[in-house]
Amino acid sequence: MPATFILFFVVAGAPFPFGSTNDLSIAFWCLCLGIAVMFAPTRELRRPHLGLLAGIAVIVAAYAFVLHEQLSDHPFLAPFQPIWKQASDLLGVPIAPSASIVKNEAFFALGAPLANILAIVLGITVGADRERARRLLWVIAISGAGYALYGVLSFLIEPTMILWRDKTAYLGSVTGTFINRNTAAAYFGSCAVIWLLLILEDVRRRLPERHIEWRRLSLDLRTIPPKEILPQLGCLLICLMAMFMTGSRAGVGLSLLAMIVAFTLFLRKDLPRRTGIWISLGSGLAVALGLLQLLGGRVSSRFDSQGLVDEGRVEAWKSTLKIIADNPWFGTGMGTFQWAFPPYRSPNISIRGIWDAAHSTPLELASEVGIPMALLVAVGWAIMLLVLAKGVFGRRRDAIIPLAAAATATLSLLHSCLDFTLQVPGYSIPFFALFGAGLAQSFSTREGRSASNAVASGGRGEGRTSTADTTARRMPRLHKSV
């Protein structure tokens, strides 16, 4: 289907043009995703999927209201920013006021959120079919391994270049096609999580026992042909290598944590009941520490010298909280943080550089659109994680899809509390699409079907035939054919 191929193209291509942070790239991806939504398949959608889409529509309507308040010359509720009256008094000329500190900036800042919304909607509609959802998982994994391989090779061959441009920052770190090493670490780490789950699923499918016999595990693993598993292991290793070479503390640490938890949840039914989970978590932590010492020397040294979070970043968060306190209802305007921050900038922050991001997406969102809108988005994230948890623990087949979505969603959310990962479209577009597919696959195939079947059969004036009756009618035919 056209929508499926367009989604795969966008998911694979979004990280390429320097993380798609410029307006032209964002507009192009919005155009592609918008066309795909117009041709999106809807046959597989069921009642739970429609409920998810309705929830997204509520968030879109709230965004539209906030956008109206910040762009309109006559907002319904939002007060005008006092900066406009001050400017008018100083200049001695009348200036039309606005609820935003930068006029019309909210319109230009709409691109990235719009792309994310279109991506998750397409993820739900396309991912309602299990085969298409699996292909999406593979597209993200393979493209991530390709970008990781490019990042490592470009760092070894020409570390001063990103694609065809000069690299001006993070010269000692792998960034792939991204500008920021922290975003690159989260991207490579998320792809490593997916590769780990794909490998676990493949290995688990090849084991003969219903439950893993840990004493015989080494013997069972020897029966797997190496050529069938080595390519996946190679891709996992490339993603891990690129992740460690970024030198990002939070990106590497949270990615390893996500891999440990994903590993434990995937094998939870095969672990001993009482102590298995704790043994798995402890063993995973030991392996993670070993990898940090073996591959992450620069990461470990940064942990030792700087801790988990820089002091300047903490001061920036305090300053952002002051912005929120002064603009609690409708914020300073979407996309206006870099103009709103200077008057609130803490004297404890170094005078070097310009803070164009709060390095905490939730705080920056609240400062730009207000506390009510930020709380609504937080509720949406909480519902999404609960639905994904339902899919992880409730599905017997294809549980890997909601598990991959839940693991990467948790990783990206936690990392965005310390940085701006989800504000980079090159990362957010592929993984919002994965979140949508994970949500769609969090419900069993039969869920929501009975009501729709009943309506369809009622319209024909016929009762719905039970499975047992159908089987009974087919048995004589089967017997004759034999």
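In this text the structure is predicted, and so the values were computed from the model without any measurement. (Residues numbered from 1 in each chain as written. Predicted model: local features only at pLDDT ≥ 70, side-chain atom pairs only at ≥ 80, totals over all residues. Heavy atoms only, no water.)

(A) A look at the overall build of the protein chain. Within the protein chain one finds 21 helices and two strands. Of all 482 residues assigned to the protein chain, the portion counted as buried reaches 49%. Sequence-distant contacts, at least 24 apart, represent 75% of the contacts inside the protein chain between residues at least 6 apart. Approximately 24,400 Å² of the protein chain is accessible, and the part contributed by carbon and sulfur atoms is 66%. (Helix = DSSP H or I, 4+ residues; strand = E, 2+ residues; numbered from the N terminus. Buried < 20%, exposed > 50% of the residue type's maximum accessible area, 1.4 Å probe, protein only. Contact = heavy atoms within 4.5 Å. Areas by Shrake-Rupley, 256 points an atom, 1.4 Å probe, with all protein chains shown as cover.)

(B) Region of interest: the environment of Ser98. Mapping Ser98 onto the fold places it in the loop between helix 4 (82–91) and helix 5 (105–108). Taking the C-alpha atoms as reference points, Ser98 and Phe80, separated by 18 residues in sequence, lie 5.1 Å from one another. Look past the residues within four positions of Ser98 in its chain and what remains in contact with it is Gln70, Phe80, Gln81, Trp84 and Lys103.

(C) Focus on helix 1 (residues 2–13). A rise of 1.5 Å per residue sets the reference length of helix 1, with its 12 residues, at 16 Å; its end C-alpha atoms lie 16 Å apart and thus fit the reference within 8%. Along helix 1, the residues that are buried comprise Ala3, Thr4, Leu7, Phe8, Val10, Val11 and Gly13. On its buried side, helix 1 packs onto helix 2 (23–38), helix 6 (111–127), helix 7 (130–157) and helix 19 (425–440). (Expected span 1.5 Å × (residues − 1).)

(D) Local environment of unusual backbone geometry. At Phe18, a residue that is not glycine, the phi angle is positive and equals roughly 60°. Secondary-structure assignment places Phe18 in the loop between helix 1 and helix 2. Judged by its relative accessible area of 5%, Phe18 falls in the buried class. Its identity as a non-glycine residue notwithstanding, Asn104 has a phi of 70°, on the positive side.

(E) Broad picture of a nonpolar patch on the surface. Residues Leu31, Ile35, Met38 and Phe39 make up a contiguous nonpolar surface patch of roughly 440 Å² in combined accessible area. Looking at the element boundaries, Met38 is found in helix 2. On the accessibility criterion, Met38 (66% relative accessible area) is exposed. (Patch = residues over 30% accessible without salt bridge, like charges linked within 9 Å, V, L, I, M, F, W, Y side chains within 5 Å. Salt bridge = Lys/Arg side-chain N within 4 Å of Asp/Glu carboxyl O.)

(F) Quick look at the state of the cysteines. According to the stated counting rule, one finds zero disulfides in the structure shown. We note that Cys32 lacks a disulfide partner, and the nearest cysteine sulfur, in Cys30, lies 9.4 Å from it. Overall, the relative accessible area of 12% leaves Cys32 in the buried class. Here Cys239 stays free of any disulfide, with the sulfur of Cys191 as its closest cysteine sulfur at 5.3 Å. (Disulfide = S-S within 2.5 Å.)

(G) Structural context of the confidence of the model for the protein chain. Residue-level pLDDT values for the protein chain average 85, and 84% of them are 70 or greater. At the low end of the mean pLDDT range in the protein chain sits helix 21 (residues 467–481), at 39; at the high end sits helix 19, at 96. Residue range residues 450–482 is modelled with pLDDT below 50. Its contacts to residues more than four positions away, or to other chains, number seven contacts. (pLDDT = per-residue confidence, 0-100.)

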